[in-house]
Amino acid sequence: QVQLVESGGGLVQAGGSLRLSCAASGSFYAINAMGWYRQAPGNQRELVADIRSDGTTKYSDSVKGRHTISRDNAKDTVYLQMNSLKPEDTAVYYCNVRVLPDTGWGTYGTERSYWGQGTQVTVSS
């Protein structure tokens with residue numbers, strides 16, 4: 001299984017910046033993608049940003065141009081640099097990692113998804 005450790009959340013004023021980090025550990029064959037999702041009260045969990053193993057990135061329209069997702073493959077860590085934060089960015093942010101599990105037989109299984117416990121980001125106006 002995979003364990004995710006998230007950090008970097010907090011309280012900032014509108015226009016400020018935060019950097020979220022998520023480090024993955026455990027047993028897996030490879031990481032296919034790492035990303036960040038968020039969920040505000042009364043809303044469904046939504047994609048913020050995602051980065052695949054080939055470097056392809058995806059951003060929600062609401063954060064594109066303000067946030068940047070990156071990976072440190074040597075540390076199995078994903079970062080989300082959040083700039084120009086807005087009050088509507090306030091939410092619990094969850095790290096998501098999609099891995100190819102290690103079967104223990106010298107092969108890997110089908111992709112599995114894991115979630116961190118979440119870190120609160122609050123942006124005041």
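Parameters at a glance
- Residues numbered from 1 in each chain as written.
- Predicted model: local features only at pLDDT ≥ 70, side-chain atom pairs only at ≥ 80, totals over all residues.
- Heavy atoms only, no water.
- Salt bridge = Lys/Arg side-chain N within 4 Å of Asp/Glu carboxyl O.
- Buried < 20%, exposed > 50% of the residue type's maximum accessible area, 1.4 Å probe, protein only.
- Helix = DSSP H or I, 4+ residues; strand = E, 2+ residues; numbered from the N terminus.
- Pairing = 2+ DSSP bridges.
- Axes fitted to C-alpha atoms, helices over the stretch in contact; angles between N-to-C directions.
- Phe/Tyr/Trp six-rings, centres within 6.5 Å; stacked < 30°, edge-to-face > 60°.
- Lys NZ or Arg CZ within 6 Å of the ring centre and 35° of its normal.
- Polar contact = N/O pair within 3.5 Å; in protein donor to acceptor, adjacent residues only side chain to side chain.

Caption draft 1: Highlighting the pattern of salt bridges. Scanning the model with the defined rule gives five salt bridges in all. Between Glu-46 and Arg-38 there is a salt bridge, with the nearest N and O atoms lying 2.9 Å from each other. Accessibility expressed as a relative area gives 6% for Arg-38, which makes it buried. Here Arg-98 and Asp-50 are joined by a salt bridge, their closest N and O atoms 3.0 Å apart. In this pair, Arg-98 sits in strand β9 (residues 91-100) while Asp-50 sits in strand β5 (residues 46-52), placing the two residues 48 residues apart along the sequence. Three or more residues joined by partner-sharing salt bridges are found here, namely Arg-38, Glu-46, Arg-66 and Asp-89.

Caption draft 2: Geometry of the sheet that holds strand β7 (residues 67-72). One open sheet holds the four strands; their spatial order is β1-β3-β8-β7, and the pairing between them is antiparallel. This sheet does not close on itself; its edge strands, each paired only once, are β1 (2-7) and β7. Each strand axis lies, on average, 15° off the axis of its neighbour in the sheet, ignoring direction. Here six bridges tie β7 to strand β8 (residues 77-82), and the two strands are oriented antiparallel to one another. Following the sheet pairing, Asp-72 is matched in β8 by Thr-77.

Caption draft 3: How the structure looks around unusual backbone geometry. Not every positive phi belongs to a glycine, and Asp-76 is a case in point at roughly 50°. Note on Asp-76: relative accessible area 23%, which makes it partly exposed. At Ser-84, a residue that is not glycine, the phi angle is positive and equals roughly 50°. If you trace the backbone, Ser-84 turns up in the loop between β8 and β9.

Caption draft 4: The packing of aromatic side chains, seen in detail. Enumeration according to the criterion identifies two aromatic pairs in this entry. An angle of 70° between the planes, with centres 5.0 Å apart, marks the rings of Tyr-37 and Trp-115 as edge-to-face. A residue pair is termed long-range when its members are at least 10 positions apart, and Tyr-37 in strand β4 (residues 30-39) and Trp-115 in strand β10 (residues 112-115) qualify at 78 residues. A residue is classified by how much of its surface remains accessible, and Tyr-37, at 18% relative accessible area, is buried. In this arrangement the basic side chain of Arg-19 is found over the ring face of Tyr-79, its NZ or CZ atom lying 4.2 Å from the centre.

Caption draft 5: Main features of the side chain of Arg-66. Positionally, Arg-66 belongs in the loop between β6 (57-59) and β7. Looking at Arg-66, the relative accessible area reads 12%, which means it is buried. Side-chain polar atoms of Arg-66 contact the backbone oxygen of Ser-84, separated by 2.9 Å.

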